[in-house]
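The lines below spell out each chain.
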Amino acid sequence: MGSDLNTLRFTPIQSFVDSSFFAKLARLKLEKFKLDSSTQYICGFQTRPSKLNKFDDIPTLALDEQSFVEEEIGKDSIANDRLITSGSITNLNTIEEFKAISKQDLLHSWGEDLYQQIMANDTFEYKIFQSFKVLSYSDLKKYKFYYWVSFPTLQSSWTILERNDVIDSGIQQDIDSQTKYLNGQFYQLREGRLDTQIEDSSNTELVPTFVFLDSCLSQSKRPSAQLKNYLFYLAKKKGYSEIKVIVYRNNAASFSLKLKLQECPDPWKVVGWERTSQGKLGPKLADLGLLSDPTQLASQAVDLNLKLMKWRVAPELDLDIIKQQKVLLLGAGTLGCYVARALLGWGVCNIKFVDSGRVSYSNPVRQPLFNFEDCFSDNGRGMPKASAAANALKKIFPGVNAQGYEIEVPMIGHPITDEQKQGSQYGVLDDLFNQSDVVFLLMDSREARWLPTVMGVAKGKIVINAALGFDSYLVMRHGNISSLEDKSRLGCYFCNDIVAPEDSLSDRTLDQMCTVTRPGAALMASSLAVELLVSILQHPDKSFANAVENNDDRKKHEEKVEKFSKFGACPHQIRGFLNTFSQNKFHIPNYEHCSACSQKVVDQYIQNGWEFVKDCLNNQGYLEELCGLSKVQEEAELAAQQLLEELSFEEKGEIDGEDLDWIN
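Source: prediction; values computed, not measured.

The subject of this paragraph is the overall build of the chain. Tallying secondary structure elements over the chain gives 21 helices and 23 strands in all. A burial count over the chain gives 48% of its 664 residues as buried. Considering only intrachain contacts with a sequence separation of at least 6, the fraction spanning at least 24 residues in the chain is 74%. Total accessible area on the chain is roughly 33,000 Å²; 49% of this is exposed by carbon and sulfur atoms.

Moving on, we come to the environment of Leu329. If you trace the backbone, Leu329 turns up in strand 16 (residues 326-330). Residues Leu329 and Val354, spaced 25 residues apart in sequence, show a C-alpha to C-alpha distance of 6.3 Å. The residues touching Leu329, leaving out its near neighbours within four places in the chain, are Gly336, Val339, Ala340, Leu343, Ile351, Lys352, Phe353, Val354, Phe440 and Leu442.

With that settled, the discussion passes to the sheet that holds strand 10 (residues 193-195). Within a sheet, each strand pairs with its neighbour through backbone hydrogen bonds, oriented either parallel or antiparallel. Here we have 6 strands laid out as an open sheet, ordered 8-13-12-11-9-10, and mixed in their pairing. A strand with exactly one partner marks an edge of an open sheet, and here the two such strands are strand 8 (157-164) and strand 10. Averaged over all pairs of adjacent strands, the angle between strand axes in this sheet comes to 35 degrees, irrespective of strand direction. As paired strands, strand 9 (residues 186-190) and strand 10 are joined by 3 bridges and run antiparallel to one another. For Leu189, the partnering residue across the bridge sits in strand 10 and is Leu194.

Across the sheet, which stays open at both edges, the 8 strands sit in the order 18-17-16-19-20-21-22-23 with mixed pairing between neighbours. The strands lining the two open edges of the sheet, one partner per strand, are strand 18 (401-405) and strand 23 (582-586). Going across the sheet, the axis of each strand differs from the next one's by a mean of 15 degrees, ignoring polarity. With respect to the sheet, helix 12 (residues 385-396) is in contact with strand 17 (350-354) and strand 18, its orientation differing from that of strand 18 by roughly 170 degrees. Docked against the sheet, helix 16 (residues 519-538) engages strand 19 (438-441), strand 20 (462-468), strand 21 (472-477), strand 22 (573-577) and strand 23, running at close to 15 degrees with respect to strand 21.

With that out of the way, let us pick up the side chain of Lys238. Following the sequence through the fold, Lys238 ends up in the loop between helix 6 (228-236) and strand 12 (242-248). Residue contacts for Lys238: discarding those within four places in its chain leaves Ile198, Glu199, Asp200, Ser201 and Tyr233.

Further remarks concern the packing of aromatic side chains. In this structure the tally under the stated criterion is 29 aromatic pairs. Ring geometry for Tyr143 versus Phe145: centroids 5.4 Å apart, planes at 75 degrees, classification edge-to-face. Overall, Phe145 belongs to the buried group, its relative accessible area being 1%. Linked through ring pairs, Phe124, Phe129, Phe186, Phe210, Phe212, Tyr230, Tyr233 and Tyr240 together constitute an aromatic cluster. In this structure, Lys103 packs its charged tip against the face of Phe98, placed 5.6 Å from the ring centre. Over the face of the ring belonging to Tyr493 we find Arg449, whose NZ or CZ atom lies 5.3 Å from the ring centre.

In this fold, Gln130 is placed in the loop between helix 4 (126-129) and strand 6 (132-139). What makes Gln130 buried here is its relative accessible area of 9%. Polar side-chain contacts of Gln130 include one of 2.7 Å to the backbone oxygen of Gln226. Ignoring anything within four residues of it in the chain, the contact list for Gln130 reads Thr85, Ser86, Gln185, Gln226 and Tyr230.

It is worth spelling out a negative patch on the surface at this point. There is a patch of like negative charges on the surface, built from Glu625, Glu634, Glu635 and Glu637. With 3 residues, the top contributor of residues to the negative patch is helix 21 (residues 629-663). With respect to the helices, strands and loops of the structure, Glu637 is situated in helix 21.

Here the focus is a nonpolar patch on the surface. A contiguous nonpolar surface patch, about 350 Å² in accessible area, is contributed by Tyr361, Phe372 and Phe376. Counting through the fold element by element, Phe372 comes out in the loop between strand 17 and helix 11 (373-376).

For the rest of this paragraph, the subject is the nonpolar core. In summary, soluble globular proteins display a tendency toward joint burial of nonpolar side chains. Of all hydrophobic cores here, the largest spans 55 residues; its most connected members are Leu329, Leu343, Phe353, Leu369, Leu393 and Phe440. Not counting chain neighbours up to four residues away, the residues in contact with Leu393 comprise Ala340, Arg341, Leu344, Ile351, Phe353, Leu369, Val400 and Ala402. In this structure, Leu328, Ala467, Ile481 and Leu629 belong to the second largest nonpolar core, which totals 47 residues.

Across residues other than glycine, the phi torsion is negative in most instances, and most of the peptide bonds are trans. The omega torsion across Asp266 and Pro267 is 10 degrees, close enough to zero to call that bond cis. Position of Pro267 among the secondary structure elements: in the loop between strand 13 (255-263) and strand 14 (270-273). Phi is positive for Lys34, which is not a glycine, with a value near 55 degrees. Summarising the element assignment, Lys34 is placed in the loop between helix 1 (19-33) and strand 2 (40-47).

With that settled, consider the pattern of salt bridges. Charged atoms that come close allow side chains of opposite charge to pair. Here the structure, examined in full by the defined rule, presents 16 salt bridges. Glu125 serves as the salt-bridge partner of Lys127, at 3.7 Å between the closest nitrogen and oxygen. Comparing Lys127 with Glu125 shows no difference in burial state: the two are buried. Measuring nitrogen to oxygen at the nearest pair gives 3.3 Å for the salt bridge that ties Glu611 to Lys614. Of this pair, Glu611 and Lys614 both sit in helix 19 (residues 610-618), separated by 3 residues, roughly a single helical turn. Under the relative-accessibility criterion, Lys614 is labelled buried at 12%. Several salt bridges converge on common partners, so that one network encompasses Arg358, Asp378, Arg381 and Glu406.

The subject of this paragraph is the packing of helix 18 (residues 599-608) against helix 19. Between helix 18 and helix 19, whose axes approach to 6 Å, the crossing angle comes to 125 degrees. When the interaxial angle is binned, helix 18 and helix 19 end up oblique. For the pair helix 18 and helix 19, contact is made by Val601, Gln604, Tyr605 and Asn608 and by Trp610, Glu611, Phe612 and Val613, respectively.

Each value, and the rule that gives it
- Residues numbered from 1 in each chain as written.
- Predicted model: local features only at pLDDT ≥ 70, side-chain atom pairs only at ≥ 80, totals over all residues.
- Heavy atoms only, no water.
- Helix = DSSP H or I, 4+ residues; strand = E, 2+ residues; numbered from the N terminus.
- Buried < 20%, exposed > 50% of the residue type's maximum accessible area, 1.4 Å probe, protein only.
- Contact = heavy atoms within 4.5 Å.
- Areas by Shrake-Rupley, 256 points an atom, 1.4 Å probe, with all protein chains shown as cover.
- Pairing = 2+ DSSP bridges.
- Axes fitted to C-alpha atoms, helices over the stretch in contact; angles between N-to-C directions.
- Phe/Tyr/Trp six-rings, centres within 6.5 Å; stacked < 30°, edge-to-face > 60°.
- Lys NZ or Arg CZ within 6 Å of the ring centre and 35° of its normal.
- Polar contact = N/O pair within 3.5 Å; in protein donor to acceptor, adjacent residues only side chain to side chain.
- Patch = residues over 30% accessible without salt bridge, like charges linked within 9 Å, V, L, I, M, F, W, Y side chains within 5 Å.
- Salt bridge = Lys/Arg side-chain N within 4 Å of Asp/Glu carboxyl O.
- Lys, Arg positive; Asp, Glu negative; His and termini not counted.
- Charge placed at Lys NZ, Arg CZ, Asp CG, Glu CD.
- Core = buried A, V, L, I, M, F, W, Y, C linked by side-chain atoms within 4.5 Å.
- Parallel < 35°, antiparallel > 145°, perpendicular 65-115°, else oblique.

Take it as geometry only, folks, not as evidence of what the structure does.
Take a look at the structure:
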């Protein structure tokens with residue numbers, strides 16, 4: 001037994017985990033691993049001994065985004081001048097589980113696996129002898145990662161009998177000439193050649209020489225701890241008790257050792273948990289929240305909530321199609337503010353507001369994107385609602401692309417007063433429609449919804465309407481036409497009307513100027529409007545989806561169940577009533593004489609654009625004549641007159657009859 005001074009000691013290996021490793025782990029946790037905490041294969045990287053430089057003074061295992069592999073790496077363990085090390089990660093689901101798990105039992109199980117592989121092996125296969133393990137927990141809400149790296153190492157004790165700081169120049173040249181072609185770390189030296197096949201001690205009477213390609217250039221006379229498993233193998237499997245090891249380094253720090261076995265415990269013992277920078281046994285914490293751009297963290301947090309929904313509740317949910325939508329909100333009042341917030345929650349990042357109003361003192365308590373200062377900003381006039389709403393969204397989530405446009409939407413029943421200005425504003429609105437995928441109609445008046453309804457049908461956009469009463473609300477989607485000849489579609493907001501919308505804004509009293517509604521109605525209508533959009537986007541037919549109102553409808557169409565949204569029903573209209581706390585779903589077909597979505601109206605708009613709009617606004621009766629409502633009204637009046645005449649005739653006959661009976 002040698003003294004402690006002659007006992008072979010080692011330079012411990014350390015891990016370097018790049019932030020990209022944790023970013024990839026977070027993505028895999030959400031998209032693939034989910035609640036699966038079973039072992040997953042990964043790999044680590046080290047610089048090849050022949051490529052080491054003066055900065056590689058400590059043996060280091062690097063982990064990055066390329067560490068995640070689909071399966072255990074094969075025998076080819078070299079890539080881009082880096083040695084590939086085989087490993088695995090066990091990512092637990094809670095911090096309590098991470099703390100409670102027995103680290104010693106876990107290490108022992110890893111040691112058992114290592115022992116079985118080593119004893120079954122006849123060569124120094126690098127990926128077996130230098131395997132590593134990672135135990136981790138990912139706190140994806142705070143973007144903190146708790147992890148502990150282990151390098152399972154089987155123990156054997158050796159005494160240094162002889163040390164030589166200068167190795168034979170011929171041997172040095174032999175090793176130099178071969179290392180550039182090698183992808184391993186430990187070899188037996190035979191007649192100047194490095195061999196992976198190791199002789200048993202019974203086959204030779206000589207003290208064998210081995211070459212260890214050390215993974216550091218430290219001036220320390222201690223070899224890397226990666227030598228330990230090779231020494232255990234030589235003692236336990238091959239039966240060697242005395243050997244010579246050349247610790248080769250790619251500089252003048254190479255040296256050789258003559259070693260004698262002190263002890264190889266039976267049963268075997270295993271160590272390997274990495275120590276902290278303070279030299280203590282314990283896990284490490286990677287707080288990427290402190291290193292990352294807060295905007296990026298916010299984006300990741302939004303994705304986290306949505307992906308949790310996907311893999312825990314709705315695996316078929318298509319989040320990408322929701323996130324990609326470009327949404328136009330016509331109206332930045334109570335409905336517009338709440339709709340925008342709900343869209344943010346679904347990950348929609350392209351939102352534009354259109355509103356001609358300014359923030360007033362009554363707005364902030366009902367409209368969550370405004371605050372008190374907005375009421376008197378801009379020289380006391382109040383901030384424009386559209387731009388104030390867009391700025392507020394950016395403060396809530398900097399990753400959103402939000403813009404506001406202070407324009408008036410041309411309204412049916414309101415003649416043109418400034419053609420240049422109104423024509424220009426129409427042009428802006430037309431461009432916004434062309435740039436958008438979805439349009440929400442969230443204005444105060446009926447006539448303001450007419451032109452956007454026409455444009456939505458003509459341009460094939462998803463249009464969703466939300467309107468409020470005192471204690472009621474309506475949420476509906478407008479039907480789209482797959483071709484100009486398509487008549488089998490759902491109706492729009494105006495399909496129940498027998499007259500074209502008119503001016504409802506002039507000569508209004510105070511109670512008519514403000515939307516008088518129960519405060520909760522706006523939240524409910526806005527939420528339903530956004531959820532309806534999500535159901536449309538998850539439907540295989542998107543905006544052409546049939547109206548499904550309840551489960552009975554599904555049962556009637558069992559053979560067509562694939563046509564229903566994977567995220568629930570996809571109704572046409574939702575009407576809610578707060579006085580009875582009830583909600584009903586209805587659907588109506590397109591009305592052939594509708595003043596907004598009938599074929600003649602849509603065709604005229606497509607052909608003439610702004611000129612058609614001007615005719616409708618300036619010429620009272622033009623729109624009703626075009627769509628056929630005038631004729632419907634005439635026919636209705638004629639039918640009513642005929643009915644009155646018939647009733648009058650029957651009534652007269654009855655009176656005459658009674659008189660005759662009396663006479664008789």
